[in-house]
Amino acid sequence: MREYDHTGIEKKWQKKWAEDGLYHTGEDSKKEKCYVLDMFPYPSGEGLHVGHPKGYIATDVYSRFKRMSGCNTLHPMGWDAFGLPAEQYALKNRVHPRVAVEKNVARFREQLSNIGFNYDWDREINTTDPDYYKWTQWIFLKLHEKGLAYESYEPINWCPSCLTGLANEDLEDGACERCGSEIEKKPIRQWVLKITDYADRMLDDLELLPEWSESVKELQRNWIGRSRGARITFSISGGESVDVFTTRPDTLFGATYVVLAPEHALVAKLLEDKGSGIKNQEEILRYVEVSGKKSELDRLDATKEKTGVKLEGIVATNPANGEEVPVFIADYVLAGYGTGAIMAVPSHDERDFEFAKKFRLPIREVVIPNIIDHRNPPVNGKESKERQNVHAIVYYPKEEKYLALKWKKFDWITFPMGGVEEGESVEDAARREVAEETGFTNLKLVKVLPNRARAEYFAAHKDENRIAYTSAVVFELMSEDRVPIDETEQEQHEIIWLNESMLNYENMTHAEIGEWQRQLAGVEMYSGHGVLVDSGDFSGMNSEEAKEAITKKVGGEMTVTYRLQDWVFSRQRYWGEPIPIIHCETCGAVPVPEEDLPVLLPDVEHYEPTGTGESPLANIEGWVNTTCPSCGGAGTRETNTMPQWAGSSWYYLRFMDPHNDHALVEKGVEKYWGQVDVYVGGVEHATRHLIYARFWHKFLYDIGVVSTKEPFKRLYTVGLIQAEDGRKMSKRWGNVINPDDIVERVGADTLRVYEMFMGPFGNSIAWSTDNTIGSRRFIERIWKLKEKIGTGSVPETVFHKTIQKVGSDIATFNFNTAISQMMICANCAEEEGLTEDQYKTLLVLFAPFAPHVTEELWHQLGEKDSIHLESWPQYDQEKLVSDIASVVVQINGKTRGVAEVATGALEADVLNQVRADKAFARWLGEGELKKVVYVKDKLINLVI
C-alpha cells in the first residue's frame, strides 16, 4: 500500500471538488434546509493564524454531517471589509483601501481553500461591493423613513489617534479597541439610530432563543440594562429643580445627598448663573474637565476610589421629609444613564456608601431585612398557603456566647433557622433545626417571641404561593454534648461561637434580631429588601409595596430606563458606506431616492482623516456638491460614512439570495431559509454584532422583509486558541502560527482533526505544534486500516456505539468526544480486524473531519461518486444496550464519576474517553499525567 502523501491528495481533491461544483447549494424547497454560518471575517493584511479556522472547521464538520443526513445545506463565506481596520492598514502600507482589501481577500480565500472547506463560493459576498452596500444604504433609508435615524450634536466618544467617533460598543476597557487610545468626549454632528426603541423587544425575545447559552443572553441583558424605577423631583436652591432616577424609591427617606453627573446641564446652568450662590466655581470646573477625559468603564470601575466635589452654596430638598441635603458632582454618575442625577442613599447602595464614608456624610438606615429571605413574588391566581418559620437563638450561659452558623458558599453568618413541618410545634421545629444543623440537643426553652415577621414568597419547586410567619425561639444550651450531623450540612456551614453583649434575648424584637445578624456578618450596607423604618407613615411597610406608594406621595412617576444608548452610526472616515442623505438649506436632510442607490464611494488619492471632525469626503467638492432631490436646488452629500457594523448587521440574509438586483432578498427564498440554524463566532461579539444584527432583523421583520423575529436560532461561541506561550497570538509577541505552515508540514486534515480534538469547542486552549503529530498518526492509522479488511470484524456493540456517538456528538458540537469514539473503534479494528462495509462506514463517519484522506480512500475502494454525497450511517438501537461496562473514574485516588465504555475496552480507549469528557475536565485541568491504573471494565485511576 502506497504511503499517505497529504500534499498530493489534498490538492488533487480540492481541484476535483471545485471542478465538479460539489458544494453548490441548490434551492430544493422539498428538502429540509439547514443554514450553517460563521461570523464572517475581516480580511486583515496579516492573513489567518491557526486560531481563526477553529470555528470554520466546526461549521464545516457540522454542515457536511447535515448534508449527508439529507438536508439542503447552505454554508457560505464572505468578507466584512469596510471600516477602520482596513483604512488603517492601507494608511500604514501606503496603498488604497480597495487595493488592500482585494489583496487581503485573495489571501484569505486561498488560505481557507487550502483547508478544504465546503463553502459555496458562488454565494461569496463582500460588504465593499456596491451591489451589496446598495442594500445597506436601502436599510438606512427605511430606518430614516420610520424615524429611527436622526441627526445629533451631543458629545460622542472621540478617538484622538484614529480621528473618528466611536460607539460605546467600540470601546475596550474604556479605550479605543483598535489603537488603545483613551477616548475623549467631543460634540460632533452625527447620525444616530434609535436602537433603544427596540430595547424591550430585544430583552423579552431572548426567551425565543432557548438554544443560546444563558451566559451570552445574560451579557445582552446586562448591556441593554433595563431598570424599572421612579423619577422623582428634588427642588434646588435658587429656584431650580432636578429629576433623579432611582430603582429604590422605597429608600427616599434615607437620601442624605444628591449627586449630579459632571456633564449634567444643571451644573453648567448653575455655573453660568451669577446669582446661583456657588462658592467654588474653579474647583468644580477643574473636576468637570478631568471627568470628561475618563472613559465610561473607568468611571464605573467599582474598585476605584470615589471622587467628587460638593457644590458649595447649593442644597436640594428631599420631597419626602423636606430635609435640605448637600449637592455633589461625581464621576460615578453618568449623564447618559437615567436622568444623569441620583438621590444618594448610602445605607442601601454600595457606591453611595463608599462616597459617604469618604466625605463624612450621614448614613441613615431606612430598610431592615426580614428574618426570612424574600423569594420570587407571588403569582397571580395561585392559592396562598401559610407557612411557619423558626429562628433559633441558642445562648450558652457557661461561656456567655451564642451559637451561629457561618455559611461557606455565601460567607454569611446566621442563627439556625428553617421551616415548621406539618404537625410540629414552633419549639419542636426549632429544636430539630438546631440538632440537624449543629448536633446540639440538650436545650432548655427560655421563651418564644411571637409571630412578628411576615413575608410572601413563591415556592417555585412546588408551584405555589406561600405566606411565611417567623417566630424566634430562645434556648439555653445546657451541655456541649452533640449527636452526629449529616455530611451535607457539614459541607454547607461551620459552627461558630459569638460573644455579643449587645444581644439581650429577653427583650429582642424581630427587627433587632435581623439587624444583629446583619452586623455579625460584617455587612455595613444593606442593599436588599425588607421592612421600612424611620420612613414616616410608611414605616413598617414592605419595601416592595412602598416603592409605588412613596413615589405617588411625592408626586413622582414610575418609569423604565436603559443602559443601552442609541447607536452612534457616523464615522468621520473615508472607507465606509456613504450615508444616503443630501443636505439642502431649504429642505434640510433629504433621503437619496431609492432609484439612485447605491451612492458610490468616490475613488480618491488622499483619504487620510482630517482631524477636524469631518470625513475626508468633505474635501471632494465634485462628489459633495449635488442637487437636492426634493426641491432641485443646491445640495451637499452627507460626508460621514457608516461604521463597519453596518454591513455585518444583515449579511446573513444576502447569502440566501446574493445576486438579486431587485430586492435585498426575495421573499420566497427568505421564507425557505428562514433563521440561521447554527451560528458560530466569538463571545466578544455578544454585545456588539449580535445586538446590532438582532436590532436590524427586528426592524426588517416590522417592514415585512423577513419572516422571523430572530435571525439566529442556535448559537455556539468558539473558545480561543492561544499561542504556545499561553498568550493571545499576536505579531507583537512573535507567537503567531501560520496555518499554511501546518498544512504543508502535516496536512489540512491533520489541522482539522487536531483543532477539533484538542478540547471542548467552547474552551480556550493553548496551541501545541508538537501535539498535532498525534492527530497525524491517527489519520495514518485510518489509512493503514485498509490492510485489515477481511481479517475479522469490530464488535457490533462498539461499531454501532461509534455510529450513534459520532452523529450525536457532531450535532451537539462535542467534536473531541466524537473523535475519541472513532479512536476507540479504530483500536478495536486494529486488534480484531474489520469488514469492508465497516471500513467504509468508518470512512463516512470520519469524512466531515478529514475530507481529503477519506475521499482518497473511498475511491481506492472502487467507489465512483464522492464520499461527501453518501448518506449518514444508521445505527441499530438494540445493539447499543449490551456489552457496556461502567468504569469508575478516579483522579488522584478520589472517585469523580463513572464512564460508560464498551466491555473489554482497552486502557488507551478509556483514557481518551475520560480526557475528552467535560465532566472530568475540572479535576484534570492542565496537570501532567504521571500514572494510570486500569482494572478492565471496573476502574481507572489517573494520577495527575
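Every chain is numbered on its own, with residues counted from 1 as its sequence reads. Under the rules for a predicted model, residues below a pLDDT of 70 receive no local features and side-chain atom pairs below 80 are neither given nor counted, while totals for whole chains, interfaces and linings still include all residues. Water and hydrogen atoms were dropped before computing side-chain values, which therefore reflect all heavy atoms in the structure.

1. Comments concerning the overall build of the protein chain
Here is step 1: Broken down by element type, the protein chain carries 29 helices and 41 strands.
Here is step 2: Seen through its C-alpha atoms, the protein chain measures out along the principal axes to roughly 95 × 90 × 55 Å.
Here is step 3: Expressed as a percentage of its 944 residues, the buried residues of the protein chain come to 54%.
Here is step 4: Surface accessibility in these figures is a Shrake-Rupley result with a 1.4 Å probe; residues are shielded only by whichever protein chains are displayed. Of the roughly 41600 Å² that the protein chain leaves accessible, carbon and sulfur atoms contribute 46%. By definition, any uninterrupted DSSP run of H or I lasting at least four residues is a helix, any uninterrupted run of E lasting at least two residues is a strand, and each is numbered from the N terminus. Only protein chains enter the accessibility calculation, which uses a 1.4 Å probe; a residue is then buried when its area is under 20% of its type maximum, exposed when over 50%, and partly exposed in between.

2. Side note on the side chain of T59
Here is step 1: Locating T59 in the fold gives a position in helix 2 (residues 53-68).
Here is step 2: With relative accessibility at 0%, the residue T59 sits in the buried group.
Here is step 3: Whether two residues are in contact is decided by their heavy atoms: any pair within 4.5 Å suffices. Among residues more than four places away in sequence, those in contact with T59 are V36, L37, D38, H75 and V680.

3. A short note on the sheet that holds strand 33 (residues 634-637)
Here is step 1: Should DSSP find at least two bridges between two strands, the strands are regarded as paired. Spatially, the four strands line up as an open sheet ordered 31-30-33-32, and their pairing is antiparallel. Every other strand in the sheet has two partners, leaving strand 31 (588-591) and strand 32 (625-627) as the edge strands with one partner each. The mean angle between the axes of side-by-side strands here comes to 45°, regardless of whether they run parallel or antiparallel.
Here is step 2: The sheet contact formed by strand 32 and strand 33 spans three bridges and is antiparallel. Across the sheet, N625 pairs through a bridge with T636, a residue of strand 33. For helices, the fitted axis covers only the stretch in contact; all axes are lines through C-alpha atoms, and the angles between them, taken along N-to-C directions, range from 0 to 180 degrees.

4. Re the pattern of salt bridges
Here is step 1: Any Lys or Arg side-chain nitrogen located within 4 Å of an Asp or Glu carboxyl oxygen qualifies as a salt bridge. Taken as a whole and judged by the stated rule, the model has 48 salt bridges.
Here is step 2: Linking D204 and R226 is a salt bridge whose minimum nitrogen-to-oxygen distance equals 3.1 Å. Taken together, the residues span a long stretch of sequence, with D204 in helix 6 (residues 199-204) and R226 in the loop between helix 7 (214-224) and strand 12 (227-236) at a distance of 22 residues.
Here is step 3: As a salt-bridge pair, R432 and E436 come within 3.5 Å of each other at their nearest N and O atoms. Taken together, the positions of R432 and E436, both in helix 12 (residues 426-438) and four residues apart, correspond to about one turn of that helix.
Here is step 4: Salt bridges linked by common partners bring E207, E214, K217, E218 and R221 together as one network.

5. Description of the pairing of strand 33
For a regular strand, side-chain orientation follows a simple rule: the groups alternate between the two sheet faces.
Here is step 1: Bridge count between strand 30 (residues 581-584) and strand 33: three bridges; the pairing is antiparallel. The partner of C584 across the bridge, within strand 33, is G635.

6. Here's the deal with helix 11 (residues 350-359)
Given 3.6 residues to a turn, an α-helix orients residues that are three or four positions apart in the same direction.
Here is step 1: Of all the positions in helix 11, only D352, F353, F355 and A356 are classed as buried. Taken down its axis, helix 11 places every buried residue within 165° of arc, on the same side.
Here is step 2: Structurally, helix 11 contributes buried residues whose contacts are with strand 14 (257-260), strand 16 (324-329) and strand 17 (341-344).
Here is step 3: Where helix 11 begins, the capping side chain belongs to D349, and its oxygen is found 3.1 Å from the backbone nitrogen of R351.
Here is step 4: Phi turns positive, to about 55°, at R360, one or two residues after helix 11. Arc definition: directions from the helix axis to the C-beta atoms. Here a polar contact means two N or O atoms within 3.5 Å. Within protein one must be a hydrogen donor candidate and the other an acceptor candidate, and residues neighboring in sequence count only if both atoms are side-chain atoms.

7. With respect to the packing of aromatic side chains
Here is step 1: Any pair of Phe, Tyr and Trp rings, taking the six-membered ring for Trp, is counted once the centres come within 6.5 Å. Such a pair is stacked with planes under 30 degrees apart, edge-to-face with planes over 60 apart, and tilted for the rest. Scanning the entire structure with this criterion turns up 48 aromatic pairs.
Here is step 2: Ring centres 6.2 Å apart and planes at 40° place the aromatic pair F569 and W696 in the tilted group. Remark: W696 occurs in helix 20 (residues 689-702) and F569 occurs in the loop between strand 29 (567-568) and strand 30; sequence separation between them is 127 residues. The pair formed by F569 and W696 is uniform in burial state, with each residue classed as buried.
Here is step 3: Here Y754 and W767 contribute two aromatic rings whose centre-to-centre distance is 4.9 Å and whose plane-to-plane angle is 90°, an arrangement assigned as edge-to-face. Here the residue Y754 occupies a position in helix 22 (residues 748-757), and W767 occupies one in the loop between strand 37 (765-766) and helix 23 (772-784), the gap between them amounting to 13 residues.
Here is step 4: The class for Y754 is buried, based on a relative accessible area of 5%.

8. Let's talk about the sheet that holds strand 38 (residues 884-891)
Within a beta sheet, neighbouring strands are joined by backbone hydrogen bonds and run either parallel or antiparallel to one another.
Here is step 1: In spatial order, the strands read 39-38-41-40; together these four strands make up an open sheet with mixed pairing. The sheet is open, and its two borders are formed by strand 39 (894-902) and strand 40 (931-935), each paired with just one other strand. Adjacent strand axes in the sheet meet at a mean angle of 20°, parallel and antiparallel pairs treated alike.
Here is step 2: Strand direction decides the pairing type here: strand 38 and strand 41 (residues 939-943), joined by four bridges, are parallel. The residue bridging V889 from the neighbouring strand is I940, located in strand 41.

9. Re the nonpolar core
Across soluble globular proteins, nonpolar side chains have a tendency to be buried as a group.
Here is step 1: Y651, W696 and F849 are the most contacted members of the largest nonpolar core, which totals 166 residues.
Here is step 2: The element that contributes the greatest number of residues to this core is helix 25 (residues 815-832), accounting for 10 residues.
Here is step 3: What Y651 contacts, discounting residues up to four positions off in sequence, is L37, D38, M39, F40, I125, Y132, Y679 and H689. Only buried Ala, Val, Leu, Ile, Met, Phe, Trp, Tyr and Cys residues count toward a nonpolar core, and they belong to the same one when joined by side-chain atoms within 4.5 Å.

10. Some thoughts on the side chain of N941
Here is step 1: One can find N941 in strand 41.
Here is step 2: You can call N941 buried: its relative accessible area is 13%.

11. Looking at the pairing of strand 35 (residues 712-717)
Here is step 1: Bridging between strand 34 (residues 676-681) and strand 35 involves five bridges; their strand directions are parallel. Looking at strand 35, one finds that V680 is bridged to Y716.
Here is step 2: Crossover strand 34 to strand 35 through helix 20 is right-handed. Call a crossover right-handed when, viewed with both strands pointing away from you, the route from the first strand across the helix to the second goes clockwise.

12. Remarks on helix 27 (residues 851-860)
Here is step 1: Among the 10 residues in helix 27, eight count as buried, and that is most of the element.
Here is step 2: Against helix 1 (6-20), helix 2, helix 22, helix 23 and helix 26 (836-846) lie the buried residues of helix 27.
Here is step 3: Just past helix 27, the residue G862 takes up positive phi, approximately 95°.

13. Comments concerning the state of the cysteines
Here is step 1: Here, a disulfide means two cysteine sulfur atoms that sit within 2.5 Å of each other. Considering all chains together, one arrives at zero disulfides under this definition.
Here is step 2: Just so you know, C825 is unpaired, no disulfide at all, and the nearest cysteine sulfur is the one on C828, 6.6 Å from it.

14. Comments concerning the packing of helix 25 against helix 28 (residues 907-916)
Here is step 1: Where helix 25 meets helix 28, the axes come as close as 9 Å, and the angle between the chain directions of the two elements is 175°. The angle between helix 25 and helix 28 places the two elements in the roughly antiparallel class. Contact residues: helix 25 offers N816, T817, S820, M823, I824 and N827, while helix 28 offers D909, N912, Q913 and A916.
Here is step 2: Tallied by class, residues from the contact of helix 25 with helix 28 come to three nonpolar, six polar and one charged. By the definition adopted for this analysis, an angle is roughly parallel if under 35 degrees, roughly antiparallel if over 145, roughly perpendicular if from 65 to 115, and oblique otherwise. Just so you know the grouping, Ala, Val, Leu, Ile, Met, Phe, Trp, Tyr, Cys and Pro go in nonpolar, Asp, Glu, Lys and Arg go in charged, and all remaining residues, Gly too, go in polar.

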